[in-house]
Amino acid sequence: MDRARIQISMETLRFIRLTGNEIGTVINDLGKLRITVFRDFPYLYNGTMDYELEHLRSYIQSPGAFLFAVYDGEQMVGATTCVPLSDENPELTLPFTDAGFSTEGILYFGESILLPEYRGMGLGHRFFDERERYAQSLGNIHTTCFCSVVRFENHPLRPQDYRSNEAFWAKRGYAPNGLTCQFDWQDIDQPQIDAKTLNFWTKQWQ
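Note that the structure is predicted; figures quoted are calculated from it, not measured.

Draft legend 1. Region of the structure containing the layout of surface pockets. The volume enclosed by the second largest pocket comes to roughly 170 Å³. Across the lining of the second largest pocket, the residue classes break down as 3 nonpolar, 2 polar and 3 charged.

Structural data, given as structure tokens:
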């Protein structure tokens, strides 16, 4: 993408911030974007809107949930979310409670997704800035966390030019905490749904 295209794109972008049940007003846009972006490696997610709407329900039901989204015209082209871990699904809370940790005071960072043509413009850092600023505004958050899917180095659908985000996450102060969770979804090259392992990354604030 050349400099002129970047400048034009940045000038046309619109940013929104929503919390709690306000997120319901853009939930279809968020679901469609997740299906599109997560289809690529490493998630390889063969998603459906029915699953998306069910999965994203926790955002609408949690007063502490936050969404920062990027629109170009009427299209959502990027988004990032967070929600108090105590309001999340058991798949995310049980690894912490089983290890003897309370979920109180932990903010879970959900998706951080951006269409390919809008990458390289600093929006990835902006997504972390927005979520961390929101975490600090809550006043009771001591840890922020997210999880990333585990894929083998020799996965047949791994692009030759694929670059992991792990170095970027480390520069933002995040590190694996040894906990894992599992989610079920269907890969784009597989005939059925199966379980995927994801690693948790955390950052301490207090």
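Here the narrative resumes.
Draft legend 2. Looking closely at the pairing of strand E5 (residues 143-149). Where burial is concerned, most of E5 is hidden: 7 out of the 7 residues are buried. On E5, burial covers both faces: Thr 143, Cys 145, Cys 147 and Val 149 on one face and Thr 144, Phe 146 and Ser 148 on the other are all buried. Examined bridge by bridge, strand E4 (residues 106-114) and E5 share 3 bridges and lie parallel to one another. Looking across to E5, one finds that Leu 107 is bridged to Thr 144. Tracing the backbone out of E4, into helix H6 (residues 123-138) and back to the parallel element E5 gives a crossover that is right-handed. In this sheet, strand E7 (residues 193-204) lies alongside E5 in antiparallel orientation, the contact comprising 7 bridges.

Draft legend 3. Summary view of the pattern of salt bridges. Counted according to the given criterion, the structure contains 13 salt bridges. Arg 34 is the partner of Glu 52 in a salt bridge, and the nearest nitrogen-oxygen pair spans 2.3 Å. With Glu 52 in helix H3 (residues 49-55) and Arg 34 in helix H2 (residues 27-37), this pair connects stretches of sequence that are 18 residues apart. For Glu 52, a relative accessible area of 0% gives the class buried. Residues Glu 153 and Arg 158 are paired through a salt bridge, measuring 3.4 Å at the closest nitrogen-oxygen approach.

Draft legend 4. Geometry of the side chain of Arg 172. Within the secondary structure layout, Arg 172 lies in the loop between helix H7 (166-171) and strand E6 (175-186). You can call Arg 172 buried: its relative accessible area is 12%. Among the polar contacts made by the side chain of Arg 172, one reaches the side chain of Asp 129 at a distance of 2.8 Å. Dropping the residues within four chain positions of it, Arg 172 is found in contact with His 125, Phe 128, Asp 129, Glu 132 and Lys 203.

Draft legend 5. Region of the structure containing H2. Among the residues of H2, those classed as buried are Ile 27, Leu 30, Gly 31, Leu 33, Arg 34, Ile 35 and Val 37. The inward-facing, buried residues of H2 abut H3, helix H4 (57-61), strand E2 (66-72), strand E3 (75-84) and E4.

Draft legend 6. Highlighting the sheet that holds E3. Across the sheet, which stays open at both edges, the 7 strands sit in the order E1-E2-E3-E4-E5-E7-E6 with mixed pairing between neighbours. Of all the strands in the sheet, the pair left with one neighbour each is strand E1 (13-19) and E6. Pairs of neighbouring strands in the sheet enclose a mean axial angle of 25 degrees, with direction left out of account. Where H2 meets the sheet, its contacts fall on E2, E3 and E4, and the angle it forms with E3 comes to roughly 100 degrees. Packed on one face of the sheet, helix H5 (residues 90-98) meets E4, E5, E6 and E7 and runs near 150 degrees to E6.

Draft legend 7. The arrangement of the packing of aromatic side chains in detail. For the coordinates displayed, the defined rule picks out 18 aromatic pairs. Ring geometry for Phe 41 versus Tyr 162: centroids 4.8 Å apart, planes at 85 degrees, classification edge-to-face. Of the two residues, Phe 41 sits in the loop between H2 and H3 while Tyr 162 sits in the loop between E5 and H7, which places them 121 residues apart along the sequence. Look at Phe 41 and you get buried, because its relative accessible area is 11%. Summarising the aromatic geometry, the rings of Trp 169 and Trp 201 are spaced 5.1 Å apart at their centres and angled 70 degrees between planes, so their arrangement reads as edge-to-face. Here the residue Trp 169 occupies a position in helix H7, and Trp 201 occupies one in strand E7, the gap between them amounting to 32 residues. Residues Trp 169 and Trp 201 agree in their burial class; the two are buried. Here the aromatic residues Phe 109, Phe 128, Phe 146, Phe 168, Trp 169, Tyr 174 and Trp 201 are joined through ring pairs into a cluster of three or more. Against the face of Tyr 71 rests Arg 14, its NZ or CZ located 4.7 Å from the ring centre.

Calculation rules
- Residues numbered from 1 in each chain as written.
- Predicted model: local features only at pLDDT ≥ 70, side-chain atom pairs only at ≥ 80, totals over all residues.
- Heavy atoms only, no water.
- 1 Å grid on protein atoms, 1.4 Å probe; cavity = no way out; pocket = protein on both sides within 12 Å on 5 of 7 lines; lining within 4 Å.
- Points joined across faces, edges and corners; volume = space filled by probe spheres on them.
- Nonpolar A, V, L, I, M, F, W, Y, C, P; charged D, E, K, R; others polar.
- Buried < 20%, exposed > 50% of the residue type's maximum accessible area, 1.4 Å probe, protein only.
- Helix = DSSP H or I, 4+ residues; strand = E, 2+ residues; numbered from the N terminus.
- Pairing = 2+ DSSP bridges.
- Right-handed = clockwise from strand over helix to strand, strands pointing away.
- Salt bridge = Lys/Arg side-chain N within 4 Å of Asp/Glu carboxyl O.
- Polar contact = N/O pair within 3.5 Å; in protein donor to acceptor, adjacent residues only side chain to side chain.
- Contact = heavy atoms within 4.5 Å.
- Axes fitted to C-alpha atoms, helices over the stretch in contact; angles between N-to-C directions.
- Phe/Tyr/Trp six-rings, centres within 6.5 Å; stacked < 30°, edge-to-face > 60°.
- Lys NZ or Arg CZ within 6 Å of the ring centre and 35° of its normal.

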